[in-house]
Amino acid sequence: MFTQGPFLALRLAGLVLISVILMTVDHRLRYLEPVRAVVSTAVLPLQYLVNLPHAVGSWLGTSFASREELLRENTELRRNQLKIAVKLQQLDALDRENQRLRTLLKSSGKVGERAVVAELLGVDLDPYKHQVVINKGSVNGAYVGQPILDAHGVMGQLIHVGPVSSSAILITDPSHALPVQINRNGLRAIATGTGSLNRLDVQYLPNNADVQVGDLLVTSGLGGRFPPGYPVAVVKSVRRNPGQGFLAISATPTADLDRSREVLLVWSGRRVTEAPPP
Amino acid sequence: MTTPPRRNNWIIALSLAAALSLSILPLPEAVARAWPEWTALVLLYWSMALPHRVSVGIAWGMGLPLDALRGSLLGEHGMGLAIITFITVKLHRRLRVYPLWQQAAVIMVLLALYQMLLLWVEGILGRASGGWYYWLPSLTGAVAWAPLFLVLREIRRYFRVA
């Protein structure tokens, strides 16, 4: 038996060495993504297993919903649909006009975007990181860095993509930052996560910048990751401290980061051609 | 005449899979912060009970799915698990004869060591999370040790895993 003695210590030393090498490679280079994809696919059954009670619960909920309830929901959805359709007509016309004006100005037209609905798996990864798992992967055309949105705004971006599942980092994770601009006047800034699900910090705006409480922050499209013009957060408080170089601004994300079950995966720019047909 | 012990690898595999599932259970935030490291606990049990079967190799291997699940660097959890499993294997003769509360105390120290190793790696990456409650899982892990030990021992005896 090799459970005792120097042999075991040697094995431990070897494993620790492999760990350190793996961690370094994983941190600095991207060679290990396939390995991670394989491992994350292997644990996918576990994730589905953990998600099962929730899936069964929501299935039962829809199966046993009463007729009146469904009718009411249906009417409400119709009404919403009508409202949105009316808005969309306007938007379509505005989009055409925008394109026309852009051609007049000889500037490049806006690129199209394409989206696919994905579902979050009900699993908890790490209480200190804001990460979620979705049920779409590279077979659906997902890629690392792809933005995910919900009905109200930007949620985050994919960081690891497996064949049939991916994990995404939310915009409120402390290690996440995204380029935004104020919708009212186009002022650019960076919104960083704080580790709290209902707060973003807006950094690097000088003390005399024109920011008001209630301003909508939208993605600026700089950095090339997020398509421009999607709502991110609403400014909640602006604190001017003459001793500091920058304003202390906190904002509330518009997306339902802790409630959404369905999210949109968005392909934008040159990636549109790689997206699956809608 | 006693029947010879069966190998029953699947019991060990199943218990480890159950521990992994427990560790990704969606929980309210307050509970999630105090949720014990089930994978480490189950590994420590098997390495104490059957050190010739479950040792540093399996412990390191269990780190990979944990890394994939939590989005940490590959090898991060494996390193911590291998080190605490090594200590348990070295001490297994002594640990076995300890009363349960004393075992739990040693387990708490081992879990804290595991968390400290993780904290080091996260700290090097610049994303360490502060606060005393980071260490809560070690404490709750020690509390969870006694029931877990009794349950796993019953399972081990029932299926004669040896």
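**Side note on the pairing of strand β4 (residues 154–161) of chain A**
Residues and elements named next belong to chain A.
At step 1: Counted residue by residue, β4 has seven buried out of eight residues, so it is predominantly covered.
At step 2: Across three bridges, the pairing between strand β3 (residues 147–149) and β4 is antiparallel. Each residue of the ladder has a partner; that of Leu149, found in β4, is Val154.
At step 3: Between β3 and β4, which pair antiparallel one after the other, the connecting turn spans four residues.
At step 4: Pairing geometry for β4 and strand β5 (residues 166–170), over five bridges, is antiparallel. Residue pairing in the sheet places His160 in a bridge with Ser167 of β5.
At step 5: From the end of β4 to the start of β5, which pair antiparallel, there are four residues.

**What to know about helix α7 (residues 136–158) of chain B**
Side chains that are three or four residues apart share a direction in an α-helix, a result of its 3.6 residues per turn.
All names here are of chain B.
At step 1: Across its 23 residues, α7 extends 33 Å between first and last C-alpha, which sits within 8% of the 33 Å expected from 1.5 Å per residue.
At step 2: The largest bend along α7 measures about 40° and falls at Trp145, with the proline Pro147 one to four residues further on.
At step 3: As for α7, its buried residues are in contact with α1 (9–23), α2 (29–34), α3 (38–49) and α6 (100–125).

**Some remarks on the domain arrangement of chain A**
Residue and element names in this part refer to chain A.
At step 1: Each assigned domain of chain A is listed with its residue range as follows: domain 1 (8–62) and domain 2 (114–272).
At step 2: A C-alpha centroid distance of 25 Å is found between domain 1 and domain 2.
At step 3: On the domain 2 side, the residues contacting the twelve residues of domain 1 number 15 residues.
At step 4: Interface area, domain 1 with domain 2, both sides summed: about 1,000 Å², of which 58% is carbon and sulfur.
At step 5: When the buried surface of domain 1 facing domain 2 is broken down by residue, Leu44, Gln47 and Asn51 rank first, second and third, together holding 38% of it.
At step 6: The interface formed by domain 1 and domain 2 includes zero salt bridges.
At step 7: Listed by contribution, the elements that provide at least two residues to the side of domain 1 that touches domain 2 are α2 (33–42) and α3 (44–63).
At step 8: Ranked by residue count, the leading element in the side of domain 1 that touches domain 2 is α3, at six residues.
At step 9: Along the lines of polarity and charge, the residues of the side of domain 1 that touches domain 2 split into four nonpolar, five polar and three charged.

**Here we look at the sheet that holds strand β9 (residues 216–219) of chain A**
All names here are of chain A.
At step 1: Taken in spatial order, the six strands of this closed barrel run β6-β7-β8-β11-β10-β9, and their pairing is antiparallel. Shown here is a sheet whose adjacent strand axes are inclined to one another by a mean of 40°, direction ignored.
At step 2: Pairing geometry for strand β8 (residues 200–203) and strand β11 (residues 248–253), over three bridges, is antiparallel. Residue Val202 lies in a different strand from β11, and its bridge partner there is Ile249.

**Here's the deal with the nonpolar core**
At step 1: Ranked by internal contacts, the top residues of the largest apolar core, which has 41 residues, are B:Leu41, B:Trp46, B:Leu81 and B:Trp145.
At step 2: Elements with a minimum of two residues in this core: α3 of chain A together with α1, α3, α4 (56–70), α5 (76–97), α6 and α7 of chain B.
At step 3: Within the second largest apolar cluster, 40 residues are counted, among which are A:Ala118, A:Ile148, A:Leu217 and A:Val266.

**Some points on a nonpolar patch on the surface**
At step 1: Residues A:Leu49, A:Leu52, A:Val56, A:Trp59, A:Leu60 and A:Phe64 make up a contiguous nonpolar surface patch of roughly 650 Å² in combined accessible area.
At step 2: The topology assignment puts A:Leu49 in helix α3.

**Digging into the packing of α3(A) against α1(B)**
Any two packed helices are characterised by how steeply their axes cross, that is the angle between the axes, and by the distance between the axes.
At step 1: At a minimum axis distance of 9 Å, the contact between α3(A) and α1(B) shows a crossing angle of 60°. By the angle between their axes, α3(A) is oblique relative to α1(B). Crossing handedness for the pair α3(A) and α1(B): right-handed. The residues of α1(B) that touch α3(A), namely those facing A:Leu46, A:Leu49 and A:Val50, are B:Ala17, B:Leu20 and B:Ser21.
At step 2: By residue class, the composition of the contact of α3(A) with α1(B) is five nonpolar, one polar and no charged.

**Things to note about the packing of α5(B) against α6(B)**
Residue and element names in this part refer to chain B.
At step 1: Across the interface, α5 lies against α6 with an axial gap of 9 Å and an inter-helix angle of 160°. Regarding the angle of α5 to α6, the classification is roughly antiparallel. Judged by the sense of rotation from one axis to the other, the crossing of α5 with α6 is right-handed. The segment α5 lies against α6, with Glu76, His77, Met79, Gly80, Leu81, Ile83, Ile84, Ile87, Thr88, Leu95 and Arg96 engaging Gln103, Val106, Leu110, Leu113, Tyr114, Leu117, Leu118, Val121 and Glu122.
At step 2: When grouped by side-chain class, the residues that make up the contact of α5 with α6 number 13 nonpolar, four polar and three charged.

**Side note on the interface of chain A and chain B**
At step 1: With 37 residues of chain A in contact, the opposing surface of chain B contributes 44 residues.
At step 2: Roughly 3,500 Å² is buried in total at the junction of chain A and chain B, and carbon and sulfur atoms are behind 69% of that figure.
At step 3: Taken together, the links from chain A to chain B amount to zero salt bridges.
At step 4: Elements supplying a minimum of two residues to the side of chain A that touches chain B: α1 (5–28), α2 and α3 of chain A.
At step 5: If one sorts the elements of the side of chain A that touches chain B by residue count, α1(A) sits on top with 14 residues.
At step 6: Tallied by class, residues from the side of chain A that touches chain B come to 21 nonpolar, ten polar and six charged.

About the criteria used
- The numbering scheme is per chain: residues are counted from 1 as the chain's sequence reads.
- Ligands are numbered from 1 and chains lettered from A, in the order in which they are written.
- Two thresholds apply to this predicted model, a pLDDT of at least 70 for residue-level local features and 80 or more for giving and counting side-chain atom pairs, whereas whole-chain, interface and lining totals are computed over all residues.
- Processing note: side-chain calculations cover all non-hydrogen atoms of the structure and skip hydrogens and water entirely.
- The cut-offs for exposure are 20% and 50% of the maximum accessible area for each residue type, with area from a 1.4 Å probe on protein chains only; residues under the lower value are buried, those over the upper are exposed, and the others partly exposed.
- Only DSSP runs of H or I reaching four residues or more are called helices, and only runs of E reaching two or more are called strands; each is numbered from the N terminus.
- Between any two strands, pairing holds if DSSP finds at least two bridges.
- In a helix, the anticipated span is given by 1.5 Å times the number of residues less one.
- Bend at a given residue is defined as the angle between two axes, one fitted to the seven residues that end at that position and one fitted to the seven that begin there.
- Residue contacts are defined here by distance: any two heavy atoms, one from each residue, within 4.5 Å place the two residues in contact.
- What marks off one domain from the next here is an automatic or database domain assignment.
- Once two parts are brought into contact, the accessible area they lose, counted with a 1.4 Å probe and summed over both, makes up the buried area.
- Just to be clear on terms, a salt bridge is a Lys or Arg side-chain nitrogen sitting within 4 Å of an Asp or Glu carboxyl oxygen.
- Classes in brief: Ala, Val, Leu, Ile, Met, Phe, Trp, Tyr, Cys and Pro nonpolar; Asp, Glu, Lys and Arg charged; the others, Gly included, polar.
- In this analysis, axes come from line fits to C-alpha atoms, helices being fitted only over the stretch in contact, and the angle between any two N-to-C directions falls in the range 0 to 180 degrees.
- The criterion is simple. A nonpolar core is a set of buried Ala, Val, Leu, Ile, Met, Phe, Trp, Tyr and Cys residues joined through side-chain atoms within 4.5 Å.
- Distance thresholds for patches are 9 Å for like charges and 5 Å for nonpolar side chains (Val, Leu, Ile, Met, Phe, Trp, Tyr), applied to residues having over 30% relative accessible area and no salt bridge.
- Residue-level accessible areas treat just the shown protein chains as cover; the underlying method is Shrake-Rupley with a 1.4 Å probe.
- Reported orientations rely on four angle classes, namely roughly parallel under 35 degrees, roughly antiparallel over 145, roughly perpendicular from 65 to 115, and oblique for the rest.
- Helix crossings are classified by the rotation of the near helix relative to the far one: an anticlockwise turn of less than a right angle makes the crossing left-handed, while a clockwise turn makes it right-handed.

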